[in-house]
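Examination of the molecular architecture
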Amino acid sequence: MRFYSTNRQSAPVTLREAVMTGLAADGGLFLPERIPVIPGAFFNNISEMGIRDIAYVVADLILGEDMESSVIKRIVNETFTFEVPLVPLTSDRYVLELFHGPTLAFKDVGARFLARVIGYYSAGTGRGVKVLVATSGDSGGAVANGFLGIPGVEVCVLYPHGLLTPLQRAQLYYPGSNIRAIEVLGSFDDCQRMVKQAFSDPVLRAVHTLTSANSINICRLLPQTFYFFHAYASLVHTDGVGSGVVMSIPSGNLGNLTAALLAYRMGLPVKRFIVANNANSVTADYLRDGVFAPRRAVRTVAAAMDVGNPSNISRITELFDGDYSALSELVAGYSISDSEILETMSETYRDDGYLLDPHGATALAALKRDIKPGEKGVVLETAHPAKFPRPVAEATGITFAPAVRQEKPLRKEVRISASYDALRKILMQV
Ligand SMILES: *Cc1c(COP(=O)(O)O)cnc(C)c1O
């Protein structure tokens with residue numbers, strides 16, 4: 001399988017090149033040249049399959065030409081060292097708990113898979129690989145953890161000043177590890193811009209083999225398709241339901257939505273999708289009125305979705321061949337205010353006895369607005385509520401014992417201004 005750039009200004013590349021470069025030479029994002037359709041028979045007994053078996057079938061269809069089956073199997077098994085339960089709320093609503101990985105967020109799936117693919121490709125090359133990633137919260141910890149101890153790979157995580165919870169920060173600072181964290185005096189969008197600039201810096205690229213572990217890397221994205229099939233399988237298994245399924249996706253940078261749409265094109269029998277934005281409503285607005293207008297992100301209680309310029313939008317328009325009406329028919333968008341997010345957390349805890357995190361609550365609030373009688377709704381619960389103790393306490397009164405004490409960092413903290421020059425200086429030294 002070859003992978004082409006959404007900008008179409010550079011030639012298609014192999015899987016290896018797509019993974020190791022992260023971003024296409026023309027600045028576009030990679031997509032597979034061909035989206036394989038899963039044979040219908042797969043769905044006949046999907047409800048009896050576990051997530052690893054499902055993942056293996058889907059992965060093999062996309063990666064099978066480039067990797068041996070045994071390698072794909074090993075990477076899938078090492079990725080899913082945890083389960084992804086589908087938990088019923090009140091009638092017709094379900095929560096897909098994607099937070100049972102080591103850093104308690106769905107980003108573990110993509111990060112663990114990608115780390116192992118990069119480890120596979122860098123083994124025996126004799127040249128170390130440097131992974132650059134910008135995080136608004138959860139991806140940094142997931143990437144740091146996912147790459148922990150992968151030989152020959154060094155990870156550099158950029159995060160915006162003041163945005164991470166103590167737990168998220170602690171997940172970045174492992175003593176003596178192959179992980180380096182850099183705090184940027186700016187926003188997440190600044191971090192993303194700086195990473196992009198590093199990739200287009202020919203001098204830096206001559207010194208290091210650079211790759212990205214952001215959701216822009218195609219191997220972060222591909223494994224996220226697996227759990228959409230798994231959610232469907234679990235629903236059929238629990239409830240015998242095979243039609244009228246609606247999936248609500250708490251969205252920021254649109255990695256999960258892109259994976260959902262890839263899964264849909266591969267044959268996932270879902271009726272439609274919902275994009276749930278917080279007050280950063282760029283995608284919801286686009287789906288409503290067709291105008292994509294990036295803007296500065298504002299801070300919300302669902303902070304991992306505080307994104308003002310979601311980079312995966314080019315993949316999404318590409319997957320629909322620019323057919324906006326087809327896209328807006330399949331995907332509805334809603335923007336949910338902080339007060340409605342907190343209210344949904346509080347209500348769900350009171351009425352269903354289920355504790356949502358603010359991101360899952362955003363998705364449930366959007367689902368409630370959109371779901372029609374007879375439909376079954378699946379909400380992606382993207383993080384464990386313990387990762388967001390403040391809004392959880394505010395909405396429900398539940399407090400968690402602090403998972404980390406704020407003692408001195410395990411590794412000296414590096415803080416830089418939001419300029420590419422400052423980042424470049426560091427990257428050229430190490
Ligand atoms: C990253 C993140 C999101 C947003 O996911 P995208 O795929 O970037 O849209 C939602 N919830 C949580 C908890 C996250 O960490």
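Whatever comes next refers back to the structure up there.
Just so you know, these numbers come straight off a predicted model, no measurement behind them.

Procedures and definitions
- Residues numbered from 1 in each chain as written.
- Predicted model: local features only at pLDDT ≥ 70, side-chain atom pairs only at ≥ 80, totals over all residues.
- Heavy atoms only, no water.
- Helix = DSSP H or I, 4+ residues; strand = E, 2+ residues; numbered from the N terminus.
- Rg over C-alpha atoms; globule rule 2.2 N^0.38 Å.
- Contact = heavy atoms within 4.5 Å.
- Areas by Shrake-Rupley, 256 points an atom, 1.4 Å probe, with all protein chains shown as cover.
- Lys, Arg positive; Asp, Glu negative; His and termini not counted.
- Charge placed at Lys NZ, Arg CZ, Asp CG, Glu CD.
- Salt bridge = Lys/Arg side-chain N within 4 Å of Asp/Glu carboxyl O.
- Buried < 20%, exposed > 50% of the residue type's maximum accessible area, 1.4 Å probe, protein only.
- Pairing = 2+ DSSP bridges.
- Axes fitted to C-alpha atoms, helices over the stretch in contact; angles between N-to-C directions.
- Core = buried A, V, L, I, M, F, W, Y, C linked by side-chain atoms within 4.5 Å.
- Phe/Tyr/Trp six-rings, centres within 6.5 Å; stacked < 30°, edge-to-face > 60°.
- Lys NZ or Arg CZ within 6 Å of the ring centre and 35° of its normal.
- Polar contact = N/O pair within 3.5 Å; in protein donor to acceptor, adjacent residues only side chain to side chain.
- Patch = residues over 30% accessible without salt bridge, like charges linked within 9 Å, V, L, I, M, F, W, Y side chains within 5 Å.
- Left-handed = near helix turned anticlockwise from the far one by under 90°.
- Nonpolar A, V, L, I, M, F, W, Y, C, P; charged D, E, K, R; others polar.

This next bit is on the overall build of the protein. The secondary structure content of the protein amounts to 17 helices and 13 strands. By the compact-globule yardstick of 22 Å for 430 residues, the protein fits well, its C-alpha radius of gyration being 20 Å. When contacts within the protein are restricted to residue pairs at least 6 apart in sequence, those whose partners lie at least 24 apart make up 75%. Summing over all exposed atoms, the protein offers an accessible surface of approximately 16200 Å²; the carbon and sulfur share of this is 51%. Across the protein, the centroid of the 41 positively charged side chains sits 7 Å from that of the 42 negatively charged ones.

Our next topic: the environment of Val392. Of note, Val392 is situated in helix H16 (residues 389-396). For the pair Val392 and Met345, spaced 47 residues apart in sequence, the C-alpha separation works out to 7.5 Å.

This part takes up the pattern of salt bridges. Here the idea is simple: oppositely charged side chains can pair when their charged atoms come close. Inspection of the entire model under this criterion finds 22 salt bridges. A salt bridge links Arg415 to Glu183; its shortest N-O distance comes to 2.5 Å. In this pair, Arg415 is assigned in strand S13 (residues 414-417) and Glu183 in strand S7 (residues 179-185), connecting sequence segments 232 residues apart. Taking the shortest distance from any N to any O, the salt bridge between Asp351 and Arg350 comes out at 3.0 Å. Each of Lys271, Arg272, Asp370, Lys372 and Glu375 takes part in salt bridges that share partners, so that together they form one network.

Right, let's get into the environment of Ser314. By the secondary structure assignment, Ser314 is in helix H12 (residues 313-319). Judged by its relative accessible area of 23%, Ser314 is partly exposed. For the pair Ser314 and Phe228, spaced 86 residues apart in sequence, the C-alpha to C-alpha distance is 21 Å. Leaving out residues up to four positions away in the same chain, Ser314 has contacts with Thr6 and Leu29.

We now examine the sheet that holds strand S8 (residues 209-212). Pairing within the open sheet is parallel, and its five strands lie in the order S8-S5-S6-S7-S13. Only two strands of the sheet have a single neighbouring strand rather than two, namely S8 and S13. Neighbour-to-neighbour, the strand axes of the sheet open up by a mean angle of 30°, direction not taken into account. With six bridges joining them, strand S6 (residues 153-160) and S7 adopt parallel strand pairing. Residue pairing for S7: Leu158 is matched across the bridge by Ile182.

A separate point is the nonpolar core. Phe147, Phe228, Phe229, Leu261 and Phe273 are the most contacted members of the largest nonpolar core, which totals 104 residues. By residue number, the principal contributor to this core is helix H9 (residues 218-239), which donates 12 residues. Leaving out residues up to four positions away in the same chain, Phe273 has contacts with Met247, Ile249, Leu257, Ala260, Leu261, Tyr264, Leu268, Leu330, Val331 and Ala332. Counting 27 residues, the second-largest nonpolar core is a separate cluster that includes Phe99, Ala276, Ala366 and Leu367.

Within this structure, the stated rule accounts for 12 aromatic pairs. Between the aromatic rings of Tyr264 and Phe273, the centroid separation amounts to 6.1 Å while the plane-to-plane angle is 80°, which identifies the pairing as edge-to-face. Of the residues examined, Tyr264 reaches a relative accessible area of 33% and is grouped as partly exposed. Among the aromatic residues, those joined into a cluster by ring pairs are Phe42, Phe43, Phe229 and Tyr232. The ring of Tyr56 has Lys73 lying over it, and the distance from NZ or CZ to the ring centre is 4.6 Å.

Right, let's get into the side chain of Thr211. As for its placement among the helices and strands, Thr211 is situated in strand S8. There is a polar contact of 3.0 Å between the side chain of Thr211 and the backbone oxygen of Met20. Those residues in contact with Thr211 that lie beyond four places of it in its chain are Val19, Met20, Thr21, Gly22, Ile118, Val129, Lys130, Val131, Leu132, Phe199 and Asn217.

A cluster of nonpolar side chains, namely Val203, Val207 and Met428, defines an oily patch on the protein surface of about 220 Å² accessible area. On the basis of relative accessible area, Val203 is assigned to the partly exposed category, the value being 43%.

It is the contact of helix H3 (residues 69-79) with helix H4 (residues 107-122), at a shortest axis distance of 9 Å, that shows an interaxial angle of 145°. The two elements H3 and H4 meet at a crossing, and its hand is right-handed. Taken together, the residues of H4 that come into contact with H3 (itself represented by Val71, Arg74, Ile75, Val76, Glu78 and Thr79) are Val109, Arg112, Phe113, Arg116, Val117 and Tyr120. The residue inventory of the contact of H3 with H4, partitioned by class, reads seven nonpolar, one polar and four charged.

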